Amino acid sequence: MLERSYHEQELIGTIQQCLHEHNLILRRTTHHTNQFYLIGQDRFYERCQNYMKQHQDDYELLSSISNMETIVNQHIHKINMTLNFLELEHYITKDIYQQLFLQRNDIQLKNVYFLFDRSYVKPIFSMESNVTSKLSTYLDDLLRPTIEDILKDTFVDQDFDFIQRLQQPNCSSKLQQTTLLVRIKIQNFFNMFTYQSTVNRIIYLLVKHCKNQPINGVSMIAIETLLELYLKYTLFIYQDHIYSFNRGMSNQTHFNTLLSSLCLYYWITKKFNNNEFILQYTDELFFTWNQSKDNLNTFLDTLKEFFYGDYIDLKIEYGQKITIQNIYLENYHGQFYTAIKSTSMILPY
């Protein structure tokens, strides 16, 4: 065992030396599979810079990191002042206030880093020890059961669950020999809406589902305020500068996946009717279509119409054979044929 460890360490050292000598970067992909991307450092950093330029409206540049203490302390003060107001007005209890109250030593901002999503770079935002980490944990515990209940009829997050839903009568009954299968990839799943639009959509659905009643004793007014704090004051560092989010949120927590899924669900309820079967699989939508292709194209055009400030980047494909996530799906003479890609293997670490 020791001899094997020695040889593996020696191999890793050789690879690192080779990468350094040739000015290369080896990065894994965002899919958590046994896939890596080898690229020159200059090209890689150029792609990262281009991404930030193309998405500059999604982020707000606050300051250089030379003003780190000032920026962080300002955000801590704003959050604590709002929490104090909520506690004084009895919107939250003293226990919740103490649980969420921030100290400077709670905070350690992290740099955004980039991984490859196929041939494109994708930013990864760490939420560990962020200004809003406590809010994220608290809101996740508070809201997850309710949001999952809202999404239960349309949302799946595993291949097996997706395939099982296809066997249910409400799906099978809509499948004919001519039925088209439609897949929509949401390219900007975590930054579809401005933070205020995100809050508005989430609160609308929570109020509707809960009939404006508190969730575990916490009023909708308090939940709305805490969501605003969470989405408005999350910070990250890029190239020695501090940024916040104008649109969307970090892509590195299960809670943010839940919030983005709920926002997408709001959009689905406004755009789709009950004539077709529809499922959301994380950042992809699948639905059946039993009308003509012309009608489908007209409908797809309407999906691209949004409210001011909102933008959903859609990648659309349809036919009687499609692939969604790791699943190959085919309408085979009015019956679903499915197969899971054998290459979709999770890394063992």
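Residues numbered from 1 in each chain as written. Predicted model: local features only at pLDDT ≥ 70, side-chain atom pairs only at ≥ 80, totals over all residues. Heavy atoms only, no water.

So, unusual backbone geometry
Then comes step 1: For histidine 90, which is not a glycine, the phi torsion comes out positive at approximately 65°.
Then comes step 2: Even without being glycine, asparagine 216 reaches a positive phi, approximately 50°.
Then comes step 3: Mapped onto the elements of the fold, asparagine 216 is located in the loop between helix 8 (195-210) and helix 9 (220-233). (Helix = DSSP H or I, 4+ residues; strand = E, 2+ residues; numbered from the N terminus.)

Some details on the sheet that holds strand 8 (residues 235-238)
Paired through backbone hydrogen bonds, the strands of a sheet run either parallel or antiparallel to each other.
Then comes step 1: Across the sheet, three strands lie side by side as 3-9-8; this open sheet has antiparallel pairing. Each edge of the open sheet carries a strand with a single partner, namely strand 3 (59-64) and strand 8. Strand-to-strand twist in this sheet, taken as the mean axis angle between neighbours without regard to direction, amounts to 35°.
Then comes step 2: Two strands pair when backbone bridges link them, and strand 8 and strand 9 (residues 241-245) are joined in this way by four bridges, in the antiparallel orientation. Note that in strand 9 the partner of isoleucine 237 across the bridge is isoleucine 242.
Then comes step 3: Together, strand 3 and strand 8 form the strand contacts of helix 2 (residues 41-54), whose direction differs from that of strand 8 by roughly 135°. (Pairing = 2+ DSSP bridges. Axes fitted to C-alpha atoms, helices over the stretch in contact; angles between N-to-C directions. Contact = heavy atoms within 4.5 Å.)

Comments concerning helix 3 (residues 68-88)
Residues lying three or four places apart along an α-helix face the same way, a consequence of the helix completing one turn every 3.6 residues.
Then comes step 1: Here helix 3 is 21 residues long and its end C-alpha atoms lie 30 Å apart, about the 30 Å a rise of 1.5 Å per residue gives.
Then comes step 2: Turning to helix 3, its buried residues are Ile71, Val72, His75, Ile76, Ile79, Asn80, Leu83, Leu86 and Glu87. Taken end-on, helix 3 shows its buried residues confined to a sector of 155°, consistent with a single buried face.
Then comes step 3: Packing partners of the buried residues in helix 3 comprise strand 3, helix 4 (94-100), helix 5 (133-151), helix 9, strand 8 and strand 9.
Then comes step 4: Looking one or two residues beyond helix 3, the residue adopting positive phi is histidine 90, at roughly 65°. (Expected span 1.5 Å × (residues − 1). Buried < 20%, exposed > 50% of the residue type's maximum accessible area, 1.4 Å probe, protein only. Arc of directions from axis to C-beta.)

So, the domain arrangement of the chain
Then comes step 1: Domain boundaries in the chain define domain 1 (1-40) and domain 2 (56-340).
Then comes step 2: Here the C-alpha centroids of domain 1 and domain 2 sit 34 Å apart.
Then comes step 3: Taken together, the contact pairs seven residues of domain 1 with seven residues of domain 2.
Then comes step 4: Here domain 1 meets domain 2 over a buried area of about 740 Å², counting both sides, of which 64% is carbon and sulfur.
Then comes step 5: Together, Arg27, Thr30 and Tyr37 form the three largest contributors to the area buried by domain 1 at its contact with domain 2, with a combined 60%.
Then comes step 6: Where domain 1 meets domain 2, there are zero salt bridges.
Then comes step 7: On the surface where domain 1 and domain 2 come into contact, there are zero residue pairs in polar contact (both at pLDDT 80 or more).
Then comes step 8: Only strand 1 (24-28) and strand 2 (36-40) provide two or more residues apiece to the side of domain 1 that touches domain 2.
Then comes step 9: Among the residues making up the side of domain 1 that touches domain 2, the classes are represented as two nonpolar, three polar and two charged. (Domains from an automatic or database assignment. Buried area = accessible area lost by both parts, 1.4 Å probe. Salt bridge = Lys/Arg side-chain N within 4 Å of Asp/Glu carboxyl O. Polar contact = N/O pair within 3.5 Å; in protein donor to acceptor, adjacent residues only side chain to side chain. Nonpolar A, V, L, I, M, F, W, Y, C, P; charged D, E, K, R; others polar.)

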